[in-house]
Structures are given as C-alpha cells and as structure tokens.
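Coordinates in review
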Amino acid sequence: MSLASELLQYVLSGLTMGGIYALVALGFVIIHNVTGIINFAQGEFVMLGAMFMVTLIGVGAPTPLAIILSVILVMIVVGIIEFGAIRSAKKASPVTLVIITIGLSTAIRGIALLVWGTNPYKLAPFTKGGPYHIGGATIVPQSLWVIGTTAVLLALTLFMFEYTYWGKALRACMVNKFAARLMGISPSRMSLFAFVFSAALGALAGMVIAPITYVTYDMGLMLGLKGFVAAVLGGLSSTPGAVIGGLALGVIESLGAGLLSSGYKDGISFIILLLVLFLKPGGIFGTSGTKRV
Amino acid sequence: MEDLKRRKRLRHSLIALFTVIIFILPFIITNNYYRSVLVIIGIYTTVVVGLCLLMGYAGQISLGHAGFYGLGAYVSGVLTSTYDVSPWIAILLGAVGTGLVAYIIGIPIFRLQGHYLALATLGLGLIIHVVMMEEVDITGGPSGLTKSIPYLSIGRFELNTDFKYYFLVWIVALAAIILANNVVHSRIGRALRSVHGSEFAAQSLGVDTGKYKLQVFTLSAIYASVAGSLYAHYITFISPSPFGLMTSIQFLVMAVVGGLASIWGPIFGVTAITLLTEGLKYIVPKMIPQAGGEYEIVVYGVILVIIMIFLPEGITSGIVNIYEGWRHRKELADVTSGDK
C-alpha cells in the first residue's frame, strides 16, 4: 500500500470514529449551554443505546424497530435521571453537580456490568455487502452508515435549533436564561429537553458504532471522554465547533495511532486536550476562555 | 477571641486523642487481615486528606489522583527494584517529580474558570495509566514489574510485617493531617476559604486565588505520590490496574463521603468506604454468584449521587449541621418559652 492510500485509509477510519465523537460532543455542548453542567454521564448514554439495541436484536426484533425502541428507552432512562437526580440538586454548586454526573456515570456503568456482564457483544452490520475500495483504501458499509447518520443527525439538530419552537426556546435559554424565563420559557423544562435530546444523540451514536467496535459495559467511558475532548477542542459552547472538533479528533487520533504508535491511541487525545487547555483554552475556534475581573 | 482559643485547644486535644487511639489499635487488633486493612486505610487517608484540601478549600475536583498515586508507586518501584536506589531517596524523588508534574499542569488550569481541572487531571491520569501499560521495558507493561520491590527499612530494622508497617503508614498519615490542618488555619487556608465563598470578592481584596489553588493542588499531588510509594513498598509488587480511573473515583467517593471542608472527614470517608468495599467483596459473591468485575462501582456511583443531593457537605459535616440546627432550635425554644 502506498503512503497516499495509507493516509487515506487513516483519514477514512478517523472520520468514522470522529463522527461518533462529534455526536457525543454535540450532546455535551447542548447540555452545557442550557444548564451549565458538564455531563460526565454522556458516554453512558452511548453505551445504553448500544446495549439496548443488542438486547432487542437478541430477542428477535428487526433492526429498524430495535433502533427506535432503544432510542426511546434511553430517552426515558435519561429523563428519569434528569428528573430524579439533576433537578433535585438544581440549586447546588457547580462542583456538586459535576460530582453528581460522575456518580451517575459510575452507577450506570456498574448497573450495566451487573445486567450485561463483562463479555463484549457483537452486533451485525446494518447492511450486508462491501467492503468498498476508494483510491487504494477500503471502507466497510457500516462506516458509511456512521458517517451518514452523523450527517443526518447534525442536519436535524441544526434544523431544530433554527426552525422549531423547542429549538428556539433552547437557544434562548443558552443566550440568557433569565430573559428566557421572562418570555415564559421554563428553564427546568428546557434542561429536561436538553438531557433527553442529548441522550437520543448519544444512543444513536452507540447503535451505529456497535457493529464496528463491539459493545461492552465500559465502552461509554472512553467514548464519553473523547467526546468531551472534542467539545473542548471546539470551545465547549459552540455546536459547529463540537462537530468539527469531533471529526478533527477522530482523524488526528487515527493518524497518530497509524503513524506513531497504536498503544498510545488513547493517550494522543488526552495530550491534545492538555495542549488545548494550555495554549487555547477557548477551543481552536473560540476566543480565550480566561476571564478577567 | 476566647472562643477561638478554646476551639484551637479542642482541636489539638482531639488530634492528640486520635493519635493515642491510632497507636493502641494494632495491639488490640491482632488478626493480620484486619491489620492489613488498617494499613491500607492509612495509605488512602494520606491521599484523601490532600484531595479534600483541594476540593474543600480550592473548590476544584481532581479525577487524576490515582495517577499521582501511581506515579509515586512506579518511581519508587522502578528505582528501587531495577536501579537499586535507596527507597527513601526514591520516595523523595517521586514526591518532587509528581509535585512538579502537578505544578506544570496546574499553571494554565488555574488561570481558567470552570471545571477544567477535573478534565485536565482526568486526561493526565489516563495518560499516566497508558504510559504504565505501554512502556513495557521500564514498567513491565500490564503484568507489572518483574523484579520485586524491597521492603522499607530504618537502619537494619526492616519493616516487613503489617504490624511494623502500620506505624510508618500512620505516622505519615498523621503528619499529612497535621500539615493539612496547619495549612487550613494559616493565611493560605483563610485565603482559600474566601475563594470558596466568593472568588471575585477574594480577588478584589488582593488574594491571588490562582496561586493558592495551585499550591494546594501541588501539595495534594505530593501527598498522593508519597502514599503511592508507601503502597509499593508495602505490597512489594505493582501493576497498572490499581492506578486507573476507578481508583481516582474511589478517592473522590471517600472525600465526598467524609466531607470536604473538615480534616476529620477523610479518615471517616476512607474507613467507611474501605470497610464497605471489603464487606461487598465478601457478601456480593454469595448473593450474586455470577457477578464479576468491578461491581462495587454501582455502590460508589449511588453513594456519590445520594450524598451530593442530600448532604453536599459530606456525612461528618452533615451530622454536625443537623446537630447545630437542632441545638439552635432548642435554644430558640428555650428563649421563647422563657419569655412567657
């Protein structure tokens, strides 16, 4: 394989993972913008989506039905969590809320361990056929599913923000919570909506990536963290930033793993995180995050 | 003023009483398993005291303390087993190195608002863990160091039993508590409490909040490193698994359970969670035989959520607050009934 096709291969697989990171990052950004919470449980939504899907397929549900049911299930679970844990601590300090989401993520992972065990599950690709060859690189059909789903979900998210009542209300909340409240938008209802919407994004990300990576109870940990790095890369409050951050992270990670060392694949993203925090804490597209008194 | 002096005396006598209890305990408890649990509690207490200082007084959380703990353990382990460095010098080198890493990471972080420290330390902890796994030539990779780590010794006196090691570990833990106590009641402590109240108010009064936070963060990393070194010389074998994210979360749970703004919190939190974990290891396999892996994380997670919702200042502070509230109401009732 020539270097050019090798590079193309890394970029393609990087874009596949990057799409997933982008969806997770998008969920982070939406919740952070609306509620100010850094939701450490975001990765667990991804895992839950994949796990529900594996279970439903296992009992014989057809793929489209399994997808819809899994998304709804994850949305219900997250809705209950928002209602039960986040809302009852709404007046708490930001540190407390961060610790609560760390606790939630740990508890969800633990419950998944008890329910589904430590064994990895495999999910069949959505469609048969392939792999396809492009310029010396190969791509499996499931990667196309991932990239396509990411694109559709991003378009849907942007459409929702721009053109629907709920999206506009959400944006109003992001800009000025107090003014939004005066306009009759309930911030607590918006918080629930942000969590449930992010849950749906996460769950769908989990389902499309499942046939490529295997499904394990602790898959959410790394995906959540990478999504987070992507969000920071994009500035933590910008939706397009999160998407570009996710795709960029996926490609950098893939190139780094391929050209430097595969063992350090996970290390690379965190070195990027530290570098961004050191050099441009407002994200690569954002302004400086340092506040002055 | 009188009240302040009385409180200071009370604090000192409490520490003295606690020290006496600590030194009598291993003579009463002769079972080796219980003694080893007490040694582990001492090691964890050293880490958690530092973490509580950081969380309670600098208002920041670290998710990378297992990394600092591991750094100390690996510096000690590798230097003493492979390079025959004196264990005491290795502990010192580990502490200085870890402190330096924390300081460098902290410089940009404490200039930022928000919870970047949680993320940066999380990332740092994971990088340290990846290095432990990957640098097989130095660390032995996932299966751990191949050469055994020597016991610590004072002169010719080798600390090779739980009983002997117990005293060293708890002397270190007590020193950590006393030092932390002094920090809390010093200028730095007062400055940091003002940060916890209102950072802007503190800054406008000329408190360099970032500098103090950075110092406390560095100190807490050094605590973790020393505890890690002690762990390495106690177990005499190290592999990456006890230094992962789970351990960082475990430290967080211990700190949160004990309460962040009290120096007694860590001891309570560490003891409660260690006993709980040991208890779970005993009970869960009997109840759910097929359960495997780190099932205790369910309990950790639930504890974190429940405590943060209902007792955000931790169990020890929570009990004190409830008691004070009750006393206050009682006094109020006495006064009003006196009026009639």
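Right, let's walk through the structure included here. Because the structure is a prediction, the values reported are computed rather than measured.

1. Quick notes on the overall build of chain B
- Tallying secondary structure elements over chain B gives 14 helices and two strands in all.
- Computed over the C-alpha atoms, the radius of gyration of chain B is 21 Å, within 12% of the 20 Å expected from 2.2 N^0.38 for a compact globule of 340 residues.
- Counting only C-alpha atoms and orienting by the principal axes, one finds that chain B spans roughly 80 × 50 × 45 Å.
- Taking all 340 residues of chain B together, 53% fall into the buried category.
- Surface accessibility of chain B: about 15700 Å² in total, with carbon and sulfur atoms responsible for 66%.
- The distance from the centre of the 22 positive side-chain charges to the centre of the 18 negative ones in chain B is 9 Å.

2. Section: the packing of helix H9 (residues 219–233) of chain A against helix H10 (residues 239–259) of chain A
Residue and element names in this part refer to chain A.
- H10 packs onto H9 with a crossing angle of 120° between their chain directions and a minimal axis gap of 7 Å. On the basis of the axis angle, H9 is oblique to H10. For H9 against H10, the interelement crossing comes out right-handed. Facing Lys226, Val229, Ala230 and Leu233 of H9, the residues of H10 in contact are Gly241, Ala242, Gly245, Gly246, Leu249 and Glu253.
- The residue makeup of the contact of H9 with H10, split by class, is five nonpolar, three polar and two charged.

3. Focus: the pattern of salt bridges
Residues and elements named next belong to chain A.
- Counting across every chain of the model gives two salt bridges over all chains.
- The partner of Glu253 in a salt bridge is Lys226, with the nearest N and O atoms 3.0 Å apart. Remark: Lys226 occurs in helix H9 and Glu253 occurs in helix H10; sequence separation between them is 27 residues. Summarising the burial analysis for this pair, Glu253 and Lys226 share the class buried.

4. Some details on the interface of chain B and chain A
- Contact residues are listed per partner, giving 47 residues for chain B and 45 residues for chain A.
- Of the roughly 3700 Å² buried where chain B meets chain A, counting both sides, 84% is carbon and sulfur surface.
- The interface formed by chain B and chain A contains zero residue pairs in polar contact (both at pLDDT 80 or more).
- Going through the elements one at a time, helix H4 (87–109), helix H5 (116–134), helix H9 (199–204), helix H11 (245–258) and helix H13 (296–310) of chain B are the ones with two or more residues in the side of chain B that touches chain A.
- Examining the composition of the side of chain B that touches chain A, we find that twelve residues originate from one element, H5(B), more than from any other.
- In terms of residue class, the side of chain B that touches chain A is built from 35 nonpolar, eight polar and four charged.

The rules behind the values
- Numbering of residues starts from 1 in every chain and runs along the sequence as written.
- Written order determines the labels here, with chains lettered from A and ligands numbered from 1.
- Local features in this predicted model are restricted to residues whose pLDDT is 70 or higher, and side-chain atom pairs enter the listing and the counts only when it is 80 or higher, whereas totals over whole chains, interfaces and linings include all residues.
- Neither water nor hydrogens contribute to the side-chain values; these are computed over all heavy atoms in the structure.
- Secondary structure elements follow DSSP: runs of H or I no shorter than four residues count as helices, runs of E no shorter than two count as strands, and numbering proceeds from the N terminus.
- It is over C-alpha atoms that the radius of gyration is taken, and the globule rule equals 2.2 Å times the number of residues to the power 0.38.
- Burial classes: relative accessible area under 20% of the type maximum marks a residue as buried, over 50% as exposed, and values in between as partly exposed (1.4 Å probe, protein chains only).
- Areas reported as accessible are Shrake-Rupley estimates using a 1.4 Å probe. Residue values count occlusion only from the protein chains shown.
- His is not counted, nor are the chain ends, whereas Lys and Arg count as positive and Asp and Glu as negative.
- Working definition for charges: the position is that of NZ of Lys, CZ of Arg, CG of Asp or CD of Glu.
- Here, axes are lines fitted to C-alpha atoms. For helices the fit covers the stretch in contact, and angles between N-to-C directions go from 0 to 180 degrees.
- By definition in this entry, angles of less than 35 degrees are roughly parallel, angles greater than 145 are roughly antiparallel, angles of 65 to 115 are roughly perpendicular, and the rest are oblique.
- By definition, any crossing whose near helix is turned counterclockwise from its far helix by less than a right angle is left-handed, and any crossing with a clockwise turn is right-handed.
- Here a residue-residue contact requires only that any non-hydrogen atoms of the pair lie within 4.5 Å.
- Amino acid classes used here: Ala, Val, Leu, Ile, Met, Phe, Trp, Tyr, Cys and Pro are nonpolar; Asp, Glu, Lys and Arg are charged; the rest, including Gly, are polar.
- We define a salt bridge as a side-chain nitrogen of Lys or Arg found within 4 Å of a carboxyl oxygen belonging to Asp or Glu.
- Put simply, buried area is how much 1.4 Å-probe accessible surface two parts lose in total, over both of them, once they are put together.
- We define a polar contact as two N or O atoms separated by no more than 3.5 Å, with the added condition that, inside protein, one atom must be a possible hydrogen donor and the other a possible acceptor, whereas residues neighbouring each other in sequence contribute only through side-chain atom pairs.

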